[in-house]
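# Remarks on the overall topology
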Amino acid sequence: MAKQIPLVDYLVLGDEPHLTANECTTCGARFFDRRNACANCGRAEFTRSDITTTGEVRAFTIVAFAAPGVPVPYVAALVDCGGTSVRANLINVEPDPEHVTLGMKVRLATQVVGTDTEGTEAIGFGFEPLGG
Amino acid sequence: MAPASDDLWILGIHMTKFGKHPEMDLVDLASEAVTGALADGGVTMKDMGVIGAGNLMAANAGIGQQLQKQLGQTGIPVYNVANACATGATALRVAVMAVKAGECDMGLAFGVEKLSGAGLLSGGSRKDDGTTWTPSGRYGAVAPVDGRIGTEIMPGVFAQIGMEYGHKYGGTSFELFAKISEKNHSHSTLNPLAAYSKKMTLEEIMGDIMIAYPNTRPMCSANCDGAAAAVVVSGSKLKTLSLEQQRRAVKISASILTTDPWEESCQILPDVNTLTRNAATQAYEQAGVGPEDLNLVELHDCFATAELVHYDNLMLCGVGGAVDFFNSGATWRDGTTPVNVSGGLESKGHPIAATGIANVWEVATHLRGEAGDRQIEGAKVGLTHVIGLGSACGVHILEKAAA
């Protein structure tokens, strides 16, 4: 099996791929990026917290016009994973408003983004319809 | 000098035609707007005590001093500001704060942008993947993420903002959002300064090129060139000016700028709601008026999907009531709360830094009774609103001078 690297450092690969966030130990606010301090309470202590891999689509758009090199159409969405909002594409679904709906239940899925010159695969994530 | 408690007025104001100005550079456009505003107010650069200068796309170029070198190097302080799509409102706030603080009794604000032919302003290009995956940046990304982890393009970001409202309260559809655009394009037919003033049918809007569902091309703000400028004067200084200047002056009853307070999802999908509601609340309080008093509103319809949520954020309707409010016809120019009678950003155009002063010009022109064919009869109070992602929200409430 090819060597793999996650597209972003908050995607944890392995047998059960999942997202992980920096959670403020004081107020519980969650952030996916490297933090200097908490935007909510200002404290600077964080713990890593796993995000549930299922969620509900709270908003989406179907992008039909994008930068050169970005394949279209694609579905961009805001997914509510047990109270934590996640930005992601919706994948393994027809990119049209008949198949993508507000409130639809989805689960995390991974896919290969590309392979570099050393043969390493970059693995990205998206959300796919549950039970699909 | 004005006491800090003095009231504030727009003495002169001007906007250029929005559209394509290939023969004019940034300084030409800014000069036209500023010269117009000074002439409108019956004053000169020598009367100005401060300049708030707005330009976003060349924000490091010192547009304020460039303007002075053409119209008058009087040695006064210049504050060059950049605050995304709230840049013009921020420049106006600079003049307002300086006059309110008593540092001077007259101040100039202008905003200028050249955007004709610009495509997607964010997410318009994506770097190639590197030859070897190397994590970089705050997310440790090994490759560009636009289009791979959601979208960075504005039509897509604001599409989701409208869709989120629909998920929360129901009643939205592609057709509903397109109808909002139909309204603004219809309004624009009466505005000779709009970049696009062609009426569009609902079918034409829905059948146009899809950019990011549910926003088609005419549902997106129009990139164009333009500038706007305003002269702010203290109430005590205004009393020393001519009766005609006093009659045409427009009162700035509220001038507010907010940023977005932290909300759970605000770093995932920009929250344009909370800071707008906060700005509106403060503005109504400062002005001592309520949404029911407004005769017209110019709000930030950068996309048709955005206009809907701001009906609610500005409290023009009850919480969750934006769809019913629009469907009632309230926001058409003959409705109870006309919104974007200029045509809005979707048809008037959105030369970014000019927008937050051009919308003040629109409202002021109605309050003066000088809006010609599109005059809202008897207009006495109006509100302007802009949102810059990042985020910043500017709200101004303006009132007609008491005869």
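Above this text is the structure in question.
Residues numbered from 1 in each chain as written. Chains lettered and ligands numbered in written order. Predicted model: local features only at pLDDT ≥ 70, side-chain atom pairs only at ≥ 80, totals over all residues.

In this section: the overall build of chain B. When helices and strands are counted, chain B shows 13 helices and 11 strands. For chain B, the C-alpha radius of gyration of 21 Å lies close to 22 Å, the compact-globule estimate for 403 residues. Principal axes of the C-alpha set define a box for chain B whose edges measure 65 × 50 × 40 Å. Scored against the burial criterion, the 403 residues of chain B give a buried share of 60%. (Helix = DSSP H or I, 4+ residues; strand = E, 2+ residues; numbered from the N terminus. Rg over C-alpha atoms; globule rule 2.2 N^0.38 Å. Buried ≥ 20, exposed ≤ 12 C-beta atoms within 10 Å, placed from the backbone.)

Our next topic: the interface of chain B and chain A. Listed as interface residues are 41 residues of chain B and, on the opposing side, 43 residues of chain A. Of all the secondary structure elements, the ones that give two or more residues to the side of chain B that touches chain A are helix 4 (154–169) and strand 5 (210–213) of chain B. With seven residues, helix 4 of chain B is the single largest residue contributor to the side of chain B that touches chain A. Of the residues contributing to the side of chain B that touches chain A, the split by class is 19 nonpolar, 15 polar and seven charged. Where strand 6 (residues 54–63) of chain A and strand 5 of chain B come together, two bridges link them in antiparallel fashion. The residue of strand 5 of chain B that forms the bridge with Val63(A) is Ala212(B). (Contact = placed C-beta atoms within 7 Å. Nonpolar A, V, L, I, M, F, W, Y, C, P; charged D, E, K, R; others polar. Pairing = 2+ DSSP bridges.)

Moving on, we get to unusual backbone geometry. Trans is the common state for peptide bonds, and a negative phi is the common state for residues other than glycine. For the peptide bond that leads from Val72(A) to Pro73(A), omega is -5°, which places it in the cis range. Positionally, Pro73(A) belongs in the loop between strand 6 and strand 7 (74–81). The omega torsion across Tyr213(B) and Pro214(B) is 5°, close enough to zero to call that bond cis. Considering the arrangement of structural elements, one finds Pro214(B) in the loop between strand 5 and strand 6 (215–216). The backbone of Asn92(A) shows a phi angle near 60°, a positive value even though the residue is not glycine. Within the secondary structure layout, Asn92(A) lies in the loop between strand 8 (84–90) and strand 9 (105–115). Taking the number of C-beta atoms within 10 Å as the measure of exposure, Asn92(A) has 12 and is therefore exposed. One non-glycine residue with positive phi stands out, namely Asn340(B), at about 55°.

Residue and element names in this part refer to chain B. Counting buried positions along strand 8 (residues 250–259) yields nine of 10 residues, so the element is predominantly enclosed. Looking at chain direction, strand 8 and strand 11 (residues 392–400) are connected through nine bridges and run antiparallel. Within the sheet, the bridge partner assigned to Lys251 lies in strand 11 and is Glu399.

With that settled, consider the nonpolar core. All names here are of chain B. With 168 residues, the main nonpolar core has Phe110 and Ile357 as its most contacted residues. The greatest single-element share of this core, amounting to 10 residues, is contributed by helix 13 (residues 352–367). Both domains that meet at this core, namely domain 1 (8–118 + 224–252) and domain 2 (154–219 + 253–400), each give it at least three residues. Setting aside chain neighbours within four positions, we find Ile357 in contact with Gly88, Ala91, Leu92, Ala109, Phe110, Gly111, Ala228, Ala229 and Ala230. (Core = buried A, V, L, I, M, F, W, Y, C linked by C-beta atoms within 7 Å. Domains from an automatic or database assignment.)

Because each turn of an α-helix spans 3.6 residues, side chains separated by three or four positions in sequence point in the same direction. Residues and elements named next belong to chain B. With 14 residues, helix 9 (residues 274–287) extends 20 Å from end C-alpha to end C-alpha; this agrees with the ideal 20 Å at 1.5 Å per step. On the buried face of helix 9, the contacting elements are strand 8, helix 10 (304–313), strand 10 (381–388) and strand 11. Trailing helix 9 by a residue or two, Gly288 shows a phi angle of about 70°, which is positive. (Expected span 1.5 Å × (residues − 1).)

Residues and elements named next belong to chain B. Pairing in this open sheet of nine strands is mixed, and the strands run 3-2-4-7-1-8-11-10-9 from one edge to the other. Whereas interior strands pair on both sides, the edge strands pair on one side only; in this sheet they are strand 3 (78–81) and strand 9 (296–298). Taking the axes of each pair of neighbouring strands and ignoring which way they run, one obtains an average angle of 25° across the sheet. This element, helix 9, spans strand 8, strand 10 and strand 11 of the sheet and lies at about 150° to strand 8. (Axes fitted to C-alpha atoms, helices over the stretch in contact; angles between N-to-C directions.)

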